[in-house]
Amino acid sequence: MWSFIHKHLQGFLSLLFAIAIALFWAFPYRCALSYQEQYQLFLFTPSYFTERISVPGGLADYVAEFITQFYYVYALGAILLALVFFSLQRLTWVLMRRNGVSPSWYPLSFIPAVALWALMGNENVLLSFAIALLGMEELMLHYIIVRDHSRGWVAPAVYLLIAIPVGYWLVGPVVIALAMGPSLTLPKREGMGNTQAHPKDSETSNGSEQTLSHAENKAEHKPLVTPLGWTLLSALYFVAVAWLCGRFLQYPYYKLFGGINYFRYPAVIPVMQWVVVALFALLPLAASNLPHLEGKKAIRGEVVQLVVVVLATVPLLHSSFDRATYELIDYDYLVRTHQWQRIIEKAEKHQASSPMSVSCVNLALAMQGQLCDRLFEFYQNGAEGLFPTFTRDMTSPLPTAEAFYQLGMVNDAERYTFEAQEAIPNYRKSGRLTRRIAQCEIINGNYAVAAKYLRMLENSLFYRQWAKSQERFLYNSAAVKADPEYGRLRDIRIKHHDYLFSDQEMDQMLGLLLVDNKKYDNRMAYEYLIAYELLQRDVNRFMQYYPLGRFVQFDHIPYAIQQVLIGSWLQRHNTLQGMPYSVDRQNVDATVAFIRAYMTNRNDPALNQPPLAYNAWHYLLMNGNTKKKGKEKMQTIY
């Protein structure tokens, strides 16, 4: 058994690594796959291919976006990503073996792949970079094959002469590793001739001819340049190729030398990107200087290497995947997939604190019909927790756009969605956002515009069937009205054409939404209106708007509303007798207990602990929750 395991240990370790990668992306960081997929839209059209291939690194970008579209099915996307990492690790080992590295150093081949894994903790590192590295290693491998099967320097030089410009255009500037990595080792057969001396006693009449032939053979294979000169020439050739491309392309030179499509933000080239490139390029060469280990030394060496690599990987990944960043990404993923209960459960375990995450929690509460029941069980940061201030980036407007859409504010949902799509830094389109824009246009009856977006989606893989199914609504108002989602939103939306939106007066916007359909039955709009006034601590306006609730089908007065009504009555009457509201005894006792504790000692620690901290009057009287407001790091995160 042990002999079988040891014989297949390398394959087993590589397979185990691939499984770890797949599980990592499929479960704890599934949201990252959704995040990457939603900011591109791969189209099966000639123009899309032409657009991608027309810049350096275009083929790597095209292949990467083809793979990324499969992230829509998270399990499949995780498997494909694992295959990419598996291929990178195995290719690294093949390069190491080609350079004469002993099998006992196999665990070292995981180091570059682990470094790439950590780098991809930055959500703006694109899969294009990993595919480019894969292409770079293939070019390096073929260089070594040419080098090892040639008798001189001509064939490797010709290979580099062709491979560097072709590789630069296909995979981008990572091809500099081809210029500076394999070229450090001159062709193995260079300078190799018959250098064995002939014994003096074997000299014959043709001895002088043999000596002359030997001298000619050495002269024939004498290297023209040193390894350092070889490297400098290759590097200068790479620079010349990139410079020449810059004469015909409208890209700054720092992008041509740093990669156009490796990172989502055009103005940023991470330093760690080049560290990873160096690891992939130089590790196979550097490892060739390691000693050969055999027997027990080899086994001990492999065990030590595995332990070190694993122990270094865990903290490296932990520090590379920023918790605050991925918390926001996870909230956005849960909103996208309408997993409202999971959002609430997530907030129950760890309170949301940023405007974006708090707005996701409040949206989930509203979708579950619990907003005015459980509003103050969760951290609140004012009206920002319902409608965060608009920021021109690609992520923060999305939960707000979803809230607008579900409320029936269709035009505002489309505007926020459109702005988010246009804010994608690398100018890609989004399948998720294009789909939502098409939905808004259908609801508004702008069928020609909706058809344009649907035709675009029909050229994709995972949005094609949905787009075809939506064509039945085009120029068919009866079908729109009969649809449960579209019909409801078309009925409750604001229909005024002279209506101006103001995010500074959201209570007025919600009021218009609530009364515009003359039915006053938009429960979600009512809950948002009441929550908005409470989060603004405007009890007077709350009392004005509260009576509108009689038109909404509540089976009870929501608990937060009950608590405010009880406290307001006590402030005016000092007794509960004659109170006209249908309130629960539990809420009466909880509110009276809070007011009594507050009037006795405003610094009582019990006021900041459940259940008193969950009372509406805790927020109204004590400046909200005691936790400090969390500012969303939009500039650094997105």
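Look above for the structure.
Residues numbered from 1 in each chain as written. Predicted model: local features only at pLDDT ≥ 70, side-chain atom pairs only at ≥ 80, totals over all residues. Heavy atoms only, no water.

Our next topic: helix 9 (residues 154–171). Since the α-helix packs 3.6 residues into each turn, any two residues three or four apart lie on the same face. When the terminal C-alpha atoms of helix 9 are compared, their 25 Å separation across 18 residues agrees well with the 26 Å that a helix rising 1.5 Å per residue should span. Remark: the principal bend of helix 9, roughly 30°, maps to Ala-163, with a proline, Pro-165, within the next four residues. Of the positions making up helix 9, those classed as buried are Pro-156, Tyr-159, Leu-160, Ala-163, Ile-164, Gly-167, Tyr-168 and Val-171. Buried residues along helix 9 sit in contact with helix 5 (58–68), helix 8 (127–148), helix 10 (176–180), helix 12 (227–246) and helix 13 (253–258). Positive phi appears at Gly-172, one or two residues downstream of helix 9, with a value of about 95°. (Helix = DSSP H or I, 4+ residues; strand = E, 2+ residues; numbered from the N terminus. Expected span 1.5 Å × (residues − 1). Bend = angle between axes of the 7 residues up to and from the residue. Buried < 20%, exposed > 50% of the residue type's maximum accessible area, 1.4 Å probe, protein only. Contact = heavy atoms within 4.5 Å.)

This paragraph deals with the environment of Gly-172. Inspection of the secondary structure puts Gly-172 in the loop between helix 9 and helix 10. The spatial distance from the C-alpha of Gly-172 to the C-alpha of Tyr-262 is 8.9 Å, given a sequence separation of 90 residues. Other than its neighbours up to four places away in sequence, Gly-172 contacts Pro-56, Gly-57, Gly-167 and Tyr-262.

Right, let's get into the environment of Pro-165. By secondary structure assignment, the location of Pro-165 is in helix 9. Measuring from C-alpha to C-alpha, the distance between Pro-165 and Tyr-237 comes to 8.8 Å, with 72 residues separating the pair along the chain. Residues contacting Pro-165, with those up to four places away along its chain left out, are Leu-160, Tyr-237 and Val-241.

Here we come to the nonpolar core. Among the nonpolar cores identified, the biggest contains 195 residues, and Trp-25, Leu-116, Leu-133, Leu-178 and Tyr-528 are the most heavily contacted of them. No other element matches helix 8, which puts 13 residues into this core. Those residues in contact with Tyr-528 that lie beyond four places of it in its chain are Asn-362, Leu-363, Ala-366, Leu-371, Leu-386, Phe-387, Ala-403, Leu-407 and Leu-510. (Core = buried A, V, L, I, M, F, W, Y, C linked by side-chain atoms within 4.5 Å.)

Of note, the amide linkage connecting Pro-610 to Pro-611 takes the cis form, showing an omega dihedral of 5°. Tracing the backbone shows Pro-611 in the loop between helix 31 (585–600) and helix 32 (616–621). Of note, His-338 is a non-glycine position whose phi angle comes to about 60°, a positive value. For His-338, the location among the structural elements is in the loop between helix 16 (323–336) and helix 17 (340–349). By relative accessible area, His-338 is classed as partly exposed at 38%. Positive phi values are uncommon outside glycine, yet Asn-574 reaches one of about 60°.

Turning to a nonpolar patch on the surface, a few remarks are in order. A cluster of nonpolar residues, Trp-153, Val-154, Val-158, Leu-161, Ile-162 and Val-166, forms a patch on the protein surface that exposes about 530 Å² of accessible area. Within the secondary structure, Val-158 is located in helix 9. (Patch = residues over 30% accessible without salt bridge, like charges linked within 9 Å, V, L, I, M, F, W, Y side chains within 5 Å. Areas by Shrake-Rupley, 256 points an atom, 1.4 Å probe, with all protein chains shown as cover. Salt bridge = Lys/Arg side-chain N within 4 Å of Asp/Glu carboxyl O.)

The next subject is the packing of helix 22 (residues 431–444) against helix 26 (residues 484–492). Helix-helix packing is characterised by the crossing angle of the two axes and by the distance between the axes. Direction vectors running N to C along helix 22 and helix 26 enclose 60°, while the axes themselves pass 9 Å from each other. By the angle between their directions, the pair helix 22 and helix 26 is classed as oblique. Helix-helix and strand crossings are classified by hand; for helix 22 and helix 26 the assignment is right-handed. Side by side, helix 22 and helix 26 meet where Gln-439, Ile-442, Ile-443 and Asn-444 of the first sit next to Glu-485, Tyr-486, Leu-489 and Arg-490 of the second. When its residues are assigned to classes, the contact of helix 22 with helix 26 shows 4 nonpolar, 2 polar and 2 charged. (Axes fitted to C-alpha atoms, helices over the stretch in contact; angles between N-to-C directions. Parallel < 35°, antiparallel > 145°, perpendicular 65-115°, else oblique. Left-handed = near helix turned anticlockwise from the far one by under 90°. Nonpolar A, V, L, I, M, F, W, Y, C, P; charged D, E, K, R; others polar.)

With that settled, the discussion passes to the packing of helix 3 (residues 30–37) against helix 16. Close contact between helix 3 and helix 16 brings their axes to 9 Å; oriented N to C, the two are set at 75°. The orientation of helix 3 with respect to helix 16, classified from their angle, is roughly perpendicular. In contact with Arg-30, Cys-31, Ala-32, Ser-34, Tyr-35 and Glu-37 of helix 3, helix 16 contributes Tyr-326, Ile-329, Asp-330, Tyr-333 and Arg-336. Residues that form the contact of helix 3 with helix 16 fall into these classes: 6 nonpolar, 1 polar and 4 charged.

The end-to-end C-alpha separation of helix 2 (residues 9–26) is 25 Å, in line with the 26 Å expected for 18 residues at 1.5 Å each. Among all positions in helix 2, only Leu-9, Leu-13, Ser-14, Phe-17, Ala-18, Ile-21, Ala-22, Phe-24, Trp-25 and Ala-26 are buried.

With that settled, consider the pattern of salt bridges. Taken as a whole and judged by the stated rule, the model has 18 salt bridges. One salt bridge in this structure joins Arg-428 and Asp-61, with 2.6 Å as the shortest N-O distance. Here Arg-428, found in the loop between helix 21 (410–422) and helix 22, pairs with Asp-61, found in helix 5; they are 367 residues apart in sequence, far enough to count as distant. The buried category is assigned to Asp-61, whose relative accessible area is 2%. For Arg-428, the salt bridge is made with Glu-65, and the minimal N-O distance between the two is 2.7 Å.

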